[in-house]
Amino acid sequence: MIWLVPLLVLLYLTFTRRWRCKNEPPLDPGLIPWLGHALEFGKDVPRFINRMKLKHGNIFTVRVAGRYVTWLLDPHSYDAVIDDPDSLDFACYAQVLMERIFNLQLPPQQPAKAKAMMKGYFLGTSMSTLNSTMGRHLETLLRTETLQNQRNWKKEGLFNLSYSLLFRAGYLTLFGGEQNNNSTDPCRVYEEFKKFDGVLCKLARGTLGAEERETAQSVRRRLWELLAPAGLTENSGSSRWLYAYRQLLQEDGVDEETQRKALLMQLWATQGNVGPAAFWLLGYMLTNPEALMAVKQELGQISRTENSGTPLVQRSENTPVFDSVLEETLRLTAAPFITREVVQDKILCMADGQEYLIRKGDRVCLFPFISPQMDPDIYQEPQKFKYDRFLNGDGSVKKDFYKGGKRLKYCTMPWGAGTNGCVGKSFAINTIRKFVYILLTNYDLELCDPNAQMPEIDVSRYGFGMLQPERDVFIQYRPKETH
Ligand code: HEM
């Protein structure tokens, strides 16, 4: 009998092992059955992907927790993935994540309808109402933070300040209406949201321990309760977008409980990335005095030439220095996976003329953080923050970057691309610019420790949009003296 176990193992390995077929990308299943490379992948994604890139080149298939994923790392070839929604589907994988993270199942066509509807509110002229409401909330919230002890420095973690302030202003703008009426207190929602954000990556990967699963479930339940009244009636104080979204869910026959789960998903999509992005941007400026000076100078000119209450709202073309700082910040700290499910066999044509067969049932993944964003062939000293990297000599915005002598269509990809790119890009940029503008023009702001360095990245968050720091950076701020 003793020989039966190794025999069964051998049979299992023989029949579950996948072999590389002609024309397929290099296959690296890893040594551990089923798990494949899951452990190394989970520890530090960029390190693992870079190791595979060195071994196999710009395209390879690896096994991670039972799934075969083909990674494509040549930015000149990204359109082959982004522009083929028929073979490489966005919705299937989004559905998997919705179930894992939000415990949410929506009717099949619902997310596409909701997205089309959302564009009407977050793009074009409708966005200006959202922008000015957001600006108003940011100003009020910041003022309340420093109300007592007006001229004393207030010390705080920059990550905490950026995330909590932008979250609360965003929540009030889109979900909650005015403060001090009967609507849900944004501070309570933020507290619960932060706990939820802390377990989000593990929820997505399905790696929560038993105790963490309990916590995740109870935090989700509290958030569903808190969000229950949002957008229910036209005058609930929520945005027109949220009211329309809730109506759409109701028309599609989505029950009350599922509507609340869908609201939590929208809360994360609209609030989960802006705060961390603003943190990195302000952090890089404060630790690079030259960058801070240049942005202050640019914003100062605008406040001198504009007397209206809300300058900057639709004037992105007038802030090339700020735009360069933001682009450089996102190059270093935006690290989403662009994942698609292969729903039919596909021949993937690379820019160098090579063709590869991609199997139905696998996933294809782009990781623009590795290339173009941190690619030394494109950016000199890619690990370094250089505030003027995206500026031409004449001060205009620099858009031309090259790899292998060929101009890149995508030199960074923090917002994704193509039909599934970020709907909230302009709103997010306007929000961050407004936040920085208010902070730098109305407040004195400095590092508590003038020699403080930017913190390391929390390596557990690769793949989920904006990265977060391992620790906070402490700053102090106070309202500027008005003469
Ligand atoms: C710094 C802030 C933000 C970053 C870095 C960011 C980034 C992204 C990325 C990478 C994607 C996925 C693209 C893909 O998988 O192909 C995405 C999708 C999306 N984003 Fe953003 N986002 C931000 C803020 C926002 C805001 C403020 C909103 C809404 C107001 C928003 C709404 C959405 C929506 C609805 C989608 C899904 C698009 C779809 O279903 O096809 N995002 N975002």
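Residues numbered from 1 in each chain as written. Predicted model: local features only at pLDDT ≥ 70, side-chain atom pairs only at ≥ 80, totals over all residues.

In the annotation of an unreviewed UniProt entry, the entry for the chain reads Prostacyclin synthase, and the organism field reads Nothobranchius furzeri. UniProt, in its Cofactor (unreviewed entry) section for the chain, records the words "heme". Listed in UniProt under the heading Subcellular location (unreviewed entry), the comment for the chain reads: "Endoplasmic reticulum membrane". (UniProt positions renumbered as here; feature names shortened; annotations may be inferred.)

**Focus on the environment of Lys-434**
Relative to the assigned elements, Lys-434 resides in helix 17 (residues 425-442). In sequence terms Lys-434 and Phe-401 are 33 residues apart; their C-alpha atoms lie 28 Å from each other. (Helix = DSSP H or I, 4+ residues; strand = E, 2+ residues; numbered from the N terminus.)

**A short note on the pairing of strand 7 (residues 346-349)**
The two faces of the sheet receive side chains in turn, since in a regular strand these alternate between them. Going residue by residue along strand 7, you find Lys-346 and Leu-348 tucked away on one face and Ile-347 and Cys-349 left uncovered on the opposite face. Alignment of strand 7 against strand 8 (residues 355-358), held across four bridges, turns out to be antiparallel. Note that in strand 8 the partner of Cys-349 across the bridge is Glu-355. Once strand 7 ends, the chain turns through five residues before running back antiparallel as strand 8, passing Gly-353 with a positive phi of about 95°. (Buried ≥ 20, exposed ≤ 12 C-beta atoms within 10 Å, placed from the backbone. Pairing = 2+ DSSP bridges.)

**Quick notes on the packing of helix 8 (residues 158-176) against helix 12 (residues 256-271)**
For any two helices packed against each other, the geometry is given by the interaxial angle and the distance between the axes. Running from N to C, helix 8 and helix 12 cross one another at 130°; their axes reach a closest spacing of 10 Å. Taken together, the axes of helix 8 and helix 12 lie oblique to each other. Like other packed secondary-structure pairs, helix 8 and helix 12 cross with a definite hand, here right-handed. Contacts between helix 8 and helix 12 involve Phe-167, Gly-170, Tyr-171, Leu-174 and Phe-175 from the former and Leu-267, Thr-270 and Gln-271 from the latter. (Axes fitted to C-alpha atoms, helices over the stretch in contact; angles between N-to-C directions. Parallel < 35°, antiparallel > 145°, perpendicular 65-115°, else oblique. Left-handed = near helix turned anticlockwise from the far one by under 90°. Contact = placed C-beta atoms within 7 Å.)

**Thoughts on the site of the ligand**
The local shell around the ligand holds 24 residues, among which Asn-273, Gly-416, Asn-420, Cys-422 and Gly-424 are the closest. For the shell around the ligand, the elements supplying multiple residues, two or more each, are helix 6 (110-122), helix 12, helix 13 (274-286) and helix 17. By residue class, the composition of the shell around the ligand is 16 nonpolar, seven polar and one charged. (Near = placed C-beta within 6 Å. Nonpolar A, V, L, I, M, F, W, Y, C, P; charged D, E, K, R; others polar.)

**Side note on the sheet that holds strand 9 (residues 363-366)**
Strands sit in the order 1-2-3-9-6-4 across an open sheet of six strands; the sheet is mixed. Each edge of the open sheet carries a strand with a single partner, namely strand 1 (27-28) and strand 4 (88-89). When strand 1 meets strand 2 (residues 59-64), the two strands line up parallel, connected through two bridges. Within the sheet, the bridge partner assigned to Leu-27 lies in strand 2 and is Thr-61. Contacts from helix 3 (residues 45-56) reach strand 1, strand 2 and strand 3 (67-72), with the element oriented near 130° to strand 2. Helix 5 (residues 90-102) contacts strand 4, strand 6 (338-342) and strand 9 of the sheet and is inclined by roughly 110° relative to strand 6.

**What about the domain arrangement of the chain?**
How big an interface is tends to be stated in terms of the accessible area lost upon association of its parts. Assigned domains within the chain: domain 1 (4-93 + 353-365) and domain 2 (110-336 + 369-411 + 414-479). A separation of 32 Å is found between the C-alpha centroids of domain 1 and domain 2. Taken residue by residue, the interface counts 15 residues in domain 1 and 17 residues in domain 2. Within the residue set of the side of domain 1 that touches domain 2, elements represented by two or more residues are helix 3 and helix 5. Top contributing element to the side of domain 1 that touches domain 2 by residue count: helix 3, with four residues. Residues belonging to the side of domain 1 that touches domain 2 are distributed by class as follows: 10 nonpolar, three polar and two charged. (Domains from an automatic or database assignment.)

**Examining the UniProt feature "binding site: heme" (unreviewed entry) in the chain**
According to UniProt, the feature "binding site: heme" (unreviewed entry) maps to Cys-422 in the numbering used here. Of note, Cys-422 is situated in the loop between strand 11 (406-407) and helix 17. Look past the residues within four positions of Cys-422 in its chain and what remains in contact with it is Trp-415 and Gly-416.

**Some points on helix 13**
Taking 1.5 Å per residue as the helical rise, helix 13 with its 13 residues ought to reach 18 Å, and the 18 Å between its terminal C-alpha atoms agrees with that figure. With 12 of 13 residues buried, helix 13 is to be regarded as a mostly interior element. Residues Val-274, Gly-275, Pro-276, Ala-277, Ala-278, Phe-279, Trp-280, Leu-281, Leu-282, Gly-283, Tyr-284 and Met-285 constitute the buried set of helix 13. (Expected span 1.5 Å × (residues − 1).)

**Considering the nonpolar core**
One finds Trp-71, Ala-278, Leu-281, Val-325 and Ile-432 to be the most contacted residues of the largest nonpolar core, which totals 104 residues. With 12 residues, helix 8 is the largest single contributor of residues to this core. Discounting chain neighbours no more than four positions away, the residues touching Val-325 are Leu-281, Met-285, Ala-291, Val-295 and Tyr-387. (Core = buried A, V, L, I, M, F, W, Y, C linked by C-beta atoms within 7 Å.)

**Re the sheet that holds strand 12 (residues 443-447)**
Spatial strand order, 5-13-12: three strands in an open sheet with antiparallel pairing. The sheet is open, and its two edges are formed by strand 5 (154-157) and strand 12, each paired on a single side. Shown here is a sheet whose adjacent strand axes are inclined to one another by a mean of 25°, direction ignored. Where strand 5 and strand 13 (residues 474-479) come together, four bridges link them in antiparallel fashion. Following the sheet pairing, Gly-157 is matched in strand 13 by Phe-474.

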